[in-house]
Amino acid sequence: MRVAVVGAGILGTRHARFWAQQPSADLVAVVDLDLGRAEQLASTWSTTNSCSVASYADIDQMLRDAHPDAVSIATPDNAHRDPCLAALAMGAHVLVEKPLATSTADARAIVEAGASAGRVVMVNHSMRWIPRHREVHAATTETGEVGSVVVAHSVKSDVVSVPASMLRWAGQSSPAWFLTAHDLDLVRWFARDQVTKVWAQGSRKVLKARGVNTWDAIQASVAFRGGAIASFESSWIHPDTYPSLTDDYMHVIGDRGVAYLDRGRESLEVYGPRGSRQPKHATVYEVDGRIHGSFRHALEHFEECVRFGREPETSARRLIGVVSTLESIHRSLENGGTVDVTDPGQ
Ligand SMILES: NC(=O)c1ccc[n+]([C@@H]2O[C@H](COP(=O)([O-])OP(=O)(O)OC[C@H]3O[C@@H](n4cnc5c(N)ncnc54)[C@H](O)[C@@H]3O)[C@@H](O)[C@H]2O)c1
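Analysis parameters
- Residues numbered from 1 in each chain as written.
- Predicted model: local features only at pLDDT ≥ 70, side-chain atom pairs only at ≥ 80, totals over all residues.
- Domains from an automatic or database assignment.
- Contact = placed C-beta atoms within 7 Å.
- Helix = DSSP H or I, 4+ residues; strand = E, 2+ residues; numbered from the N terminus.
- Nonpolar A, V, L, I, M, F, W, Y, C, P; charged D, E, K, R; others polar.
- Axes fitted to C-alpha atoms, helices over the stretch in contact; angles between N-to-C directions.
- Parallel < 35°, antiparallel > 145°, perpendicular 65-115°, else oblique.
- Left-handed = near helix turned anticlockwise from the far one by under 90°.
- Buried ≥ 20, exposed ≤ 12 C-beta atoms within 10 Å, placed from the backbone.
- Core = buried A, V, L, I, M, F, W, Y, C linked by C-beta atoms within 7 Å.
- Pairing = 2+ DSSP bridges.
- Near = placed C-beta within 6 Å.

**Q** Outline the domain arrangement of the protein, listing residues and values.
**A** In terms of domains, the protein is made up of domain 1 (2–126) and domain 2 (128–283 + 316–340). For domain 1 and domain 2, the distance between their C-alpha centres works out to 26 Å. Taken together, the contact between domain 1 and domain 2 spans 19 residues of the former and 20 residues of the latter. The set of elements that each furnish at least two residues to the side of domain 1 that touches domain 2 consists of α5 (104–117) and β6 (121–124). Partitioned by chemical class, the residues of the side of domain 1 that touches domain 2 number 9 nonpolar, 7 polar and 3 charged.

Here you go:
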């Protein structure tokens with residue numbers, strides 16, 4: 001499979017690494033609006049693999065020249081639609097980073113373009129492939145250990161340097177688009193249900209004072225069609241002294257049992273002369289120079305779906321409800337009150 005990567009930032013670099021090291025695939029091109037970034041990433045793998053990886057600033061030019069079978073898209077949250085539509089128009093399969101889009105209109109446009117092109121469009125909700133999340137999914141059935149979901153509570157926080165310096169586009173996103181997107185997908189998957197309404201409140205102070213025009217923290221209350229309820233808290237202002245980029249946990253209470261997910265501490269804590277750190281390994285870890293973990297499982301799932309013509313577990317079609325729920329959460333934040341959600345389900 002010939003694959004191109006669009007967006008040569010933090011995640012695009014990881015996508016490129018996976019495809020360049022995957023024996024069944026070839027990384028053929030890298031695109032970034034910043035050509036220097038694209039060139040740097042392309043040259044890393046051209047040199048390492050003794051092959052030619054082309055670099056472009058223009059996705060249309062790349063699609064015309066390189067004709068990739070698939071495109072891995074890792075552009076900022078609010079810039080997913082145009083590269084998805086461009087790739088699908090040229091007949092390439094698409095793997096796009098979460099969140100699928102930052103509006104329901106964009107999400108629907110991507111799903112419709114995928115359907116008319118007859119191509120696979122998968123959203124990289126790689127957290128679904130973390131083994132403990134699969135375990136909770138298996139336990140949240142009618143007869144499972146946890147049973148049907150009654151209430152879930154999720155908290156996800158990033159250190160302040162993530163929005164203040166890592167993501168230059170944080171002002172066009174929010175902690176909910178960036179962080180809750182993951183947990184909303186997980187709880188909707190555990191509950192096997194559709195969201196019907198949301199109510200949210202938020203706070204803006206710390207990031208605004210640092211020139212980043214977005215929410216510091218968001219709390220959203222979500223109701224499902226079958227009666228389950230869930231709350232999602234996301235924040236972007238943890239101090240940079242916190243020993244990892246993200247802190248997060250989730251409780252899932254069912255009608256037969258309870259599952260507690262402490263994802264903040266994955267058991268390893270290292271205390272050195274300059275401070276402490278808690279490295280995370282569930283999504284990505286390295287063995288002998290290659291990456292493993294749920295990120296790898298998710299991209300291999302995409303590759304398999306393309307090869308065998310299957311619909312991915314996290315296809316764009318199945319993820320429209322996550323985008324429409326997050327859009328309604330932001331509407332509630334801006335206007336107050338409860339907002340109805342149109343979630344077409346999974
Ligand atoms: N799956 C996960 O666990 C996970 C984790 C972190 C980030 N993400 C997602 O990955 C995406 C990228 O995040 P990041 O941290 O790599 O951001 P980043 O800012 O490091 O990289 C984005 C890159 O895209 C480029 N770009 C912007 N618009 C473009 C366009 N139209 N065409 C081509 N290139 C363009 C920018 O120049 C930049 O190099 C986001 O949607 C983010 O939410 C996913």
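**Q** Would you mind going over the packing of helix α3 (residues 59–66) against helix α4 (residues 81–89) in detail, with residue names and values included?
**A** Orientation of α3 relative to α4, taken along the N-to-C sense of each, is 25°, at an axis distance of 10 Å. Here α3 lies roughly parallel to α4, going by the angle between them. In this structure, α3 meets α4 at a crossing whose hand is right-handed. On α4, the residues touching Ile-59, Asp-60 and Leu-63 of α3 are Pro-83, Ala-86 and Ala-87. By residue class, the composition of the contact of α3 with α4 is 5 nonpolar, no polar and 1 charged.

**Q** If you had to explain α4 to someone new, which residues and values would you point to?
**A** Residues of α4 that are buried: Arg-81, Pro-83, Cys-84, Ala-86, Ala-87 and Leu-88. Those residues of α4 hidden inside the fold are in contact with β1 (2–6), α3, β4 (70–73), β5 (93–97), α5 and β6. At the exit of α4 stands Gly-91, carrying a positive phi of roughly 85°.

**Q** I'd love a proper account of the nonpolar core, names of residues and values included.
**A** In this structure, Val-30 and Val-94 are the most contacted members of the largest nonpolar core, which totals 102 residues. Looking at which element gives the most residues to this core, the answer is helix α8 (residues 175–191), with 11 residues. In this structure, this core is formed jointly by two domains, domain 1 (2–126) and domain 2 (128–283 + 316–340), each of which donates at least three residues. Look past the residues within four positions of Val-94 in its chain and what remains in contact with it is Val-71, Ile-73, Cys-84, Ala-87, Leu-88, Gly-114, Arg-119 and Val-121.

**Q** Talk me through the packing of α8 against helix α11 (residues 316–335); I want residue IDs and the actual numbers.
**A** With their axes 10 Å apart at the nearest point, α8 and α11 run at an angle of 130° to one another. Considered as vectors, α8 and α11 are oriented oblique to each other. Here the hand of the crossing between α8 and α11 comes out right-handed. Residues Ala-176, Trp-177, Thr-180, Ala-181, Leu-184, Asp-185 and Arg-188 of α8 lie in contact with α11, whose contacting residues are Leu-319, Gly-321, Val-322, Thr-325, Leu-326, Ile-329 and His-330.

**Q** Summarise the sheet that holds strand β8 (residues 195–203); cite the residues concerned and give the values.
**A** Overall, mixed pairing links the 7 strands, which are arranged β12-β11-β7-β10-β9-β8-β17 in an open sheet. The open sheet has two edge strands, β12 (258–262) and β17 (338–340), and neither has a second partner. Each strand of the sheet is rotated relative to its neighbour by a mean of 15°, with strand direction disregarded. As paired elements, strand β11 (residues 246–254) and β12 share 5 bridges and run antiparallel to each other. Counterpart to Val-252 in the pairing with β12 is Ala-259.

**Q** Which residues make up the sheet that holds strand β2 (residues 26–31), and what values do they have?
**A** Paired through their backbone hydrogen bonds, the strands of a sheet run either parallel or antiparallel. An order of β3-β2-β1-β4-β5-β6 is seen for the 6 strands of this open sheet, with the pairing classed as parallel. Where the open sheet ends on each side, the last strands, each with one partner, are β3 (54–56) and β6. With strand direction ignored, the average angle separating the axes of adjacent strands in the sheet is 20°. Across 4 bridges, β1 lies against β4 in parallel orientation. Among the inter-strand pairings, Val-5 is bridged to a residue of β4, identified as Ser-72. Contacts from α3 reach β1, β2 and β3 within the one sheet, and its direction differs from that of β2 by about 155°.

**Q** Explain the site of the ligand to me, and be specific about the residues and the numbers.
**A** Near the ligand there are 28 residues, and of these Gly-7, Gly-9, Ile-10, Leu-11 and Glu-97 occur at the shortest range. Listed by contribution, the elements that provide at least two residues to the shell around the ligand are α1 (10–21) and α4. Ranked by residues supplied to the shell around the ligand, first place goes to α1 with 3 residues. Among the residues forming the shell around the ligand, the class breakdown is 13 nonpolar, 7 polar and 8 charged. Summarising the domain contributions, the shell around the ligand has at least three residues from each of domain 1 (2–126) and domain 2 (128–283 + 316–340).

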